Every structure is written in structure tokens, then in C-alpha cells.
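Secondary and tertiary structure notes
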Amino acid sequence: NNRREEGICGNNIGLYYWKKNEFTSALKYFNISLEIARREGQPENISDGLTNLGLVYMDLGEYDKALEYLNRGILIDQELGNEYNLATDLNNLGNIYLNKSIQAGGDVFFDQALEAFYNALILAQRLQNKKVQTIVQNNIGEVFFAQHRDDRALAFYNKALSTAEDGGLVELAC
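Residue indices follow the written sequence of each chain, beginning from 1 at its first position. Where totals are concerned, whole chains, interfaces and linings use all residues; where local detail is concerned, this predicted model gives features only for residues with pLDDT of at least 70, and gives and counts side-chain atom pairs only at 80 or more. In computing side-chain values, all of the structure's heavy atoms are included and hydrogens and water are not.

Notes on the pattern of salt bridges
Just so we agree on the cut-off: By convention in these notes, a salt bridge is any Lys or Arg side-chain nitrogen within 4 Å of a carboxyl oxygen on Asp or Glu. Numbering of helices and strands starts at the N terminus; helices are DSSP runs of H or I of at least 4 residues and strands are runs of E of at least 2. For each residue, the accessible area found with a 1.4 Å probe, counting protein chains only, is set against the maximum for its type, and the residue is called buried under 20%, exposed over 50%, and partly exposed in between.
If you walk through the whole model with that rule in mind, you get five salt bridges. In this structure, the salt-bridge partner of K100 is D64, at a minimum N-O distance of 2.5 Å. Here K100 is found in helix 5 (residues 83-104), whereas its partner D64 is found in helix 4 (residues 63-80), with 36 residues between them in sequence. Residue classification places K100 among the buried positions, given a relative accessible area of 15%. Note that E83 and R126 form a salt bridge whose closest N and O atoms lie 2.5 Å from each other. Of the two residues, E83 is situated in helix 5 and R126 in helix 6 (residues 110-126); the sequence distance between them amounts to 43 residues.

Here we look at the packing of aromatic side chains
Heads up, the rule is: What counts as a ring pair is set by centres within 6.5 Å for rings of Phe, Tyr and Trp (its six-membered ring), and what kind of pair is set by the plane angle: stacked under 30 degrees, edge-to-face over 60, tilted for all other angles.
Overall, the coordinates contain six aromatic pairs when judged by the stated rule. Centroid distance Y97 to F109: 6.1 Å. Interplanar angle 25 degrees. Geometry classified as stacked. Here the residue Y97 occupies a position in helix 5, and F109 occupies one in the loop between helix 5 and helix 6, the gap between them amounting to twelve residues. Like Y97, the residue F109 is buried in the burial classification. Note on F144 and F156: the rings are 5.8 Å apart at their centroids and 35 degrees apart in plane angle, and the pair reads as tilted. You can see F144 sitting in helix 7 (residues 130-146) and its partner F156 sitting in helix 8 (residues 150-167), a full twelve residues away along the chain. Exposure remark for F144: the relative accessible area of 1% places this residue in the buried category. According to the relative accessible area criterion, F156 is buried, its value standing at 5%. Among the aromatic residues, ring-to-ring pairing joins Y16, Y17 and Y29 into one connected group.

Focus: the layout of surface pockets
Our working definition: Every definition here rests on a 1 Å grid over the protein atoms only: cavities are sets of points where a 1.4 Å probe fits but cannot get out, pockets are open sets enclosed by protein on both sides within 12 Å along at least five of seven lines, and lining residues have some atom within 4 Å of a point. Grid points are joined across faces, edges and corners, and a volume is the space filled by probe spheres set on the points. Nonpolar residues are Ala, Val, Leu, Ile, Met, Phe, Trp, Tyr, Cys and Pro. Charged residues are Asp, Glu, Lys and Arg, and all others, Gly as well, are polar.
Its volume calculated, the largest pocket comes out at about 440 Å³. Forming the walls of the largest pocket are 19 residues, and the residues nearest its centre are L55, Y84, T88, D89 and N92. When contributions to the lining of the largest pocket are tallied by element, the ones reaching two or more residues are helix 1 (2-19), helix 3 (43-59), helix 5 and helix 7. Taken together, the residues that form the lining of the largest pocket break down as seven nonpolar, nine polar and three charged.

With respect to the packing of helix 3 against helix 4
Applicable threshold: The axes are straight lines fitted to the C-alpha atoms, using for helices just the contacting stretch, and the angles between their N-to-C directions are given from 0 to 180°. If an angle is under 35 degrees, it is roughly parallel; if it is over 145, roughly antiparallel; if it lies from 65 to 115, roughly perpendicular; otherwise it is oblique. Each crossing gets its hand from how the near helix is turned against the far one by less than a right angle, where anticlockwise is left-handed and clockwise is right-handed. Contacts between residues were defined by any pair of non-hydrogen atoms, one from each residue, lying within 4.5 Å.
Where helix 3 contacts helix 4, the two axes come as close as 7 Å, and the packing angle between them is 160 degrees. On the basis of the axis angle, helix 3 is roughly antiparallel to helix 4. For helix 3 against helix 4, the interelement crossing comes out left-handed. Together, P43, E44, I46, S47, L50, T51, L53, G54, Y57 and M58 of helix 3 and Y63, K65, A66, Y69, L70, R72, G73, I76, D77 and L80 of helix 4 make up the contact between the two elements. Among the residues making up the contact of helix 3 with helix 4, the classes are represented as twelve nonpolar, four polar and four charged.

Here is the structure:
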């Protein structure tokens with residue numbers, strides 16, 4: 001289906017611009033991709049589009065908007081039973097709350113960040129996905145580091161290193 005491929009291409013172009021920090025262009029192409037996925041009735045691509053829009057808004061510091069998009073993507077992934085995407089979504093959710101808390105200058109959202117990260121870690125462990133486990137363990141370490149709980153931070157950084165080594169992914173733990 002040409003429209004489906006067009007949507008995938010739009011998403012890839014959006015990823016390109018996102019990686020280059022050209023957020024206006026990224027938003028444009030992610031929205032195009034999302035609209036095509038909606039018209040074509042592709043829930044997994046809809047979820048991907050919503051998640052990608054959430055990530056751009058996180059990078060722009062628009063955390064409430066990021067949460068709105070990401071939570072809509074999470075609902076779709078839950079309905080689809082897509083645990084891999086859900087683990088990644090929950091990790092992204094944790095990052096939004098972590099960044100939101102750092103921006104607020106306090107512990108306001110750290111508990112929500114940890115809850116999202118721990119839920120992502122449980123799914124990643126169940127899926128035996130060492131890459132996602134490593135990323136999430138590092139992110140949990142980041143929360144503890146931001147809270148000046150250095151012993152806990154170091155423990156999670158070491159868990160991430162161990163998980164990465166088990167999965168042959170040492171570059172992720174550094």
C-alpha cells in the first residue's frame with residue numbers, strides 16, 4: 001500500500017530531523033505520518049507517531065504536551081498487547097518526568113519517573129531485552145543521581161553495566 005509506505009517514509013524523515021534537533025521539521029513530518037496512519041487504520045503506526053511527537057515535545061521542554069502524546073501512545077500499545085513498545089514508552093515516560101522534575105528544581109516528579117522506569121524494567125526483564133533493561137537501569141541511576149542519592153545511583157549504573165555485559169552491549173552502559 002503506497003499510503004502506508006508514505007507514512008513510514010514521513011516518520012523516517014521526522015526521525016532524521018529530530019536527531020538533527022530540527023524540531024519544527026520533525027513535528028511536521030511526524031504529524032504527516034500520524035495522519036496517514038490514522039487514515040489507513042494502522043494502530044501500531046499511530047502509537048509510534050504519538051510517541052515520536054511526545055519525544056519532540058519533551059526535547060522542546062513542553063512536558064505536559066509530551067505527556068499527552070505519549071500517554072495516548074501507551075494506551076494504544078496496551079490495547080495491542082505490544083509489550084516491547086510499552087517498555088520503551090514507559091522508559092520515555094520516565095524521562096519526561098525526570099526532565100520535568102529537574103526543570104522544576106525539586107523532587108516533584110521523581111516518584112513518577114521511578115514508577116515509570118520500574119514498570120519499564122519489569123517488562124524489559126520479562127521480554128529478556130537486555131538493551132532496554134540497560135537503558136532503563138541507567139535512567140533509574142539518573143533519578144537517584146539527581147536526588148543526590150549517590151549510593152543508589154551507583155548501584156543502578158553498575159547493574160546497567162552488568163546487564164550490558166551480559167547482553168554484549170557494553171557501549172550502552174558507558
